[in-house]
Structures are given as C-alpha cells and as structure tokens.
Amino acid sequence: MIVLHPNTTQYNNLNGYRYKSSELLFVKDGNDNWIVGTAVLNDSAFAAIHDQLNQLERITYVPVPEPEL
Amino acid sequence: MSNNINWGKIYESTAWGSGVTDNNISWGKSYADLAGGGGFDADYQAVLDYATTQGYTLPSASQQTLQNTLVTDLKTAGVWSKLDTFVIFATDGDSDFALIDWKRLTDYTAVNSPTFTINVGFNTNGTSSYINANYNPSTSAVNYLLNDACFGTGGNLLTTSNLLGTNLARGNMRGTASNFNGINSNNSIGNTLPFTSQTAVLWHDRNSSSFYRRMQNDAELESVAQISSQLPNIYEIMRYPFGYATTSDKFAYFFAGASLYNERADFSNAINSYMANI
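Everything numeric in this text was worked out from a predicted model, so none of it was measured.

Thresholds, definitions, all that
- The numbers attached to residues start from 1 for each chain and follow its sequence in the written order.
- Following the order in which they are written, the chains are lettered starting with A and the ligands numbered starting with 1.
- Reporting of local features is limited, given that this is a predicted model, to residues whose pLDDT is at least 70; pairs of side-chain atoms are given and counted only at 80 or more, and all residues count toward the totals for whole chains, interfaces and linings.
- Only heavy atoms go into the side-chain values, all of them from the structure, while hydrogens and water stay out.
- Put simply, DSSP marks the helices as runs of H or I at least four residues long and the strands as runs of E at least two long, and each gets a number from the N terminus on.
- When accessible area is computed with a 1.4 Å probe and restricted to protein chains, residues below 20% of their type maximum are described as buried, those above 50% as exposed, and intermediate ones as partly exposed.
- We call two residues contacting when some pair of their heavy atoms lies within 4.5 Å.
- Surface accessibility follows the Shrake-Rupley procedure with a 1.4 Å probe radius. Residue values consider only the protein chains on display as shielding.
- By definition, two strands form a pair when at least two bridges between them are found by DSSP.
- As used here, buried area is the combined drop in accessible area, with a 1.4 Å probe, of two parts when they are placed together.
- By convention in these notes, a salt bridge is any Lys or Arg side-chain nitrogen within 4 Å of a carboxyl oxygen on Asp or Glu.
- Under the rule applied, a polar contact is a pair of N or O atoms within 3.5 Å (in protein, one hydrogen donor and one hydrogen acceptor; residues adjacent in sequence only if both atoms are side-chain atoms).
- Under the grouping applied here, Gly and all other residues not named as nonpolar or charged are polar, the nonpolar ones being Ala, Val, Leu, Ile, Met, Phe, Trp, Tyr, Cys and Pro and the charged ones Asp, Glu, Lys and Arg.

S.K.: Help me understand the overall build of chain B in this model?
M.R.: In terms of helices and strands, chain B carries 5 helices and 18 strands. Across the 278 residues that make up chain B, the buried fraction comes to 52%. Counted over contacts in chain B with a minimum sequence separation of 6, partners at least 24 positions apart contribute 60%. Summing over all exposed atoms, chain B offers an accessible surface of approximately 10600 Å²; the carbon and sulfur share of this is 50%.

Right under this line is the structure:
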C-alpha cells in the first residue's frame, strides 16, 4: 500500500493542521517513517494544503510489528 | 392586545391565565422546562443547537426523531447520566455532525481522513486514519472511575479486528482473545473468548477491582480476572499502538462512562433499536 512520507520541513509545516473536526497527524510505520494515508489528498477538509500534500514522497507502507506479551 | 405571543414565557412562568402579556417572545423557547425546541428532549436539542452553531449539516427530520428517542430511551434506562462521552457516527447528518460528543457538546477529531459513510459511520484506511475521542479519563472523567467504568463500540465490525485501545489493557478492545484486552489495568491478563457478533454492542465493563466483563449486547461473554490499576489517558477509535482496524470495520458509535452492567439490557436495546431503524 502506498502512503505519503514527509521530509523534516514538510513534517513541520503540515503536522497538526486542523480544519473543523479534522486533523492531519503523521504516524510512524514499521520502518519508523512518518507517514499518512493517501486519503488526505481527497479530503475537502485538507483542501488548503492539498498542494503541499501532493509533494510528499510516495513510499510503501510497512506495518508496525506487534510485540509478544 | 399583544402582537407577539411568548409561549415560552408562559411555560416558564407558569402564569397561566394571569392575563400577563409579553411582547418579546420566541417560539424557540417554548417548552423550555420540558423539552428542547421542536418538542425534543432538551439534551438532544442541545446537540442540534450545537451543530447549528458550528455550521454542521443536521440529520434528516426523521432521523432527528430517532436520535431523540435514543436519548430518551437512554434516560429512561438510567444510562444517560452514567455516560461521560457518547457519539453516534451512524447518521445522515454530515461527517462533522457525526463527530459530536452528545454528552460533552464537543467534537471528536477525525485524524488523517477516516472514511465517513452516511448512516453507517467511519472506517479507517488501515494505515493511519482514526478517530480521537478527545476524552481523557485520567484527568476529565466524571462518571468513569477505576472500578466503575465501561467503554465500547459497535456497528459492523469483524470479530478478528483490533477495534481500539491506545493504552493497551488500560482501555483496549479487540474482537479476538488477546493479552492486550482490558480496562483500567496495566496487567496483561489475556481473555479467552472472541466476540461472536459483528453487529452487537461490544464493550468492556468493570464494577470490581478484581475482574472485568467482556460484554456483547446484554450478554456477559467472559469474566476476566484482571486487577485494576490505572485509568487510560486517551481513547482512540479504530487503532491501537501497533496497528489499526481493518478497512471493512464500520464504527457506528462509541461510548464510555460508569459501569452499565446493571443497565445492560435496556442500554443495548436502545442502541440496537436506533441502528435497526436508520
């Protein structure tokens, strides 16, 4: 699955963006990369930052491994 | 003779037949002590009023009636006053209306664009989207206590899914048996039975320091010997620390508050009645 990966500058510019009840918060994948799903590109709540989101690197999502308890 | 009849004032003052006239009356305040405008329960009317103030799209008139009935059913059952947070994602209002906490009149947050489907609710993309209840029992609980608490969700959920629970056993619920399952505890004591219904109210309930119950509608699936120790500080729906629910899981509502074990039948009936009629 393809997800969006920001560099440090992009992360700092975009992380925490809010509009009404919506928020963009990058999360870590299994490779310790900050990522966000591509659904944000079609979310009208993020229309004001769509241009910036489209500039993020596309990478393949790596699931976070689950530890044994 | 007055040109503006203040029905609301009449009700409020109970000055029936007094002959007092009032030239500054609004229909919006009618039945102020009895119900909200439109004849709805005052607490449900407050939800509608909050949504209107925020500019959200309200549910259809017929669904407003159903939602009002849900609130009154929960009150009749003695449930409403025990809840700290209560949200109905499954609505024909817009996605913003679907995120209103009916108890606190605040908004849950849709993080990273979970998918909203009218009259169904939300689902995650499986990689990053979820809903933050913006509810922290460790600092802002009213009814939710260490040994008197519950939380749960429902909709159309696969019974193998990671449903929610960023704080692991302090507030984690999976469809399957797991050492992560629990409520208000740091003890990773696994349960043994999975949920078996995709559409039931699925919840964890604790009214003891020594065990909690895995509930499916009004049925106690399992009593799990897990010692309470700590309140969660966050409830995030559709994800847990190591992953997310599946994209097929449709979350229709979420709730948390005091134990509802004694009200379990009326509570689950009220929720299921709403879900069956939308």
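On we go.
S.K.: Looking at this structure, how should I read the overall build of chain A?
M.R.: In terms of regular secondary structure, chain A is built from 2 helices and 6 strands. Along the chain direction, N to C, the helices and strands of chain A fall in the order β-α-β-β-β-β-α-β. Seen through its C-alpha atoms, chain A measures out along the principal axes to roughly 40 × 25 × 20 Å. Residue pairs at least 24 apart in sequence account for 64% of intrachain contacts in chain A once pairs closer than 6 positions are excluded. Accessible surface computed for chain A: about 3900 Å², of which carbon and sulfur atoms make up 46%.

S.K.: When you look at the sheet that holds strand S1 (residues 2-5) of chain A in this model, what are you seeing that I'm missing?
M.R.: Pairing between sheet strands relies on hydrogen bonds along the backbone, with the strands arranged either parallel or antiparallel. Residues and elements named next belong to chain A. An order of S4-S5-S1-S6 is seen for the 4 strands of this open sheet, with the pairing classed as antiparallel. Because the sheet does not close on itself, it has two edges, and the strands there are strand S4 (27-28) and strand S6 (57-60). Direction of pairing for S1 relative to S6: antiparallel, over a ladder of 4 bridges. Counterpart to Val3 in the pairing with S6 is Ile59.

S.K.: Is there a simple way to explain the interface of chain B and chain A in this structure?
M.R.: Where interface size is quoted, it is often the accessible area lost as the parts come together. In this complex, chain B contributes 24 residues to the contact, which on the side of chain A involves 23 residues. Contact between chain B and chain A buries roughly 1800 Å² in total, counting both sides, with carbon and sulfur atoms accounting for 52%. Run the count over chain B and chain A and you get 0 salt bridges. Along the contact surface separating chain B from chain A lie 10 residue pairs in polar contact (both at pLDDT 80 or more). Elements that contribute at least two residues to the side of chain B that touches chain A include exactly strand S4 (109-111) and strand S16 (239-240) of chain B. At 3 residues, the largest contribution of residues to the side of chain B that touches chain A is made by S4 of chain B. Residues that form the side of chain B that touches chain A fall into these classes: 10 nonpolar, 10 polar and 4 charged. The pairing of strand S3 (residues 22-23) of chain A with S4 of chain B spans 2 bridges and is classified as parallel.

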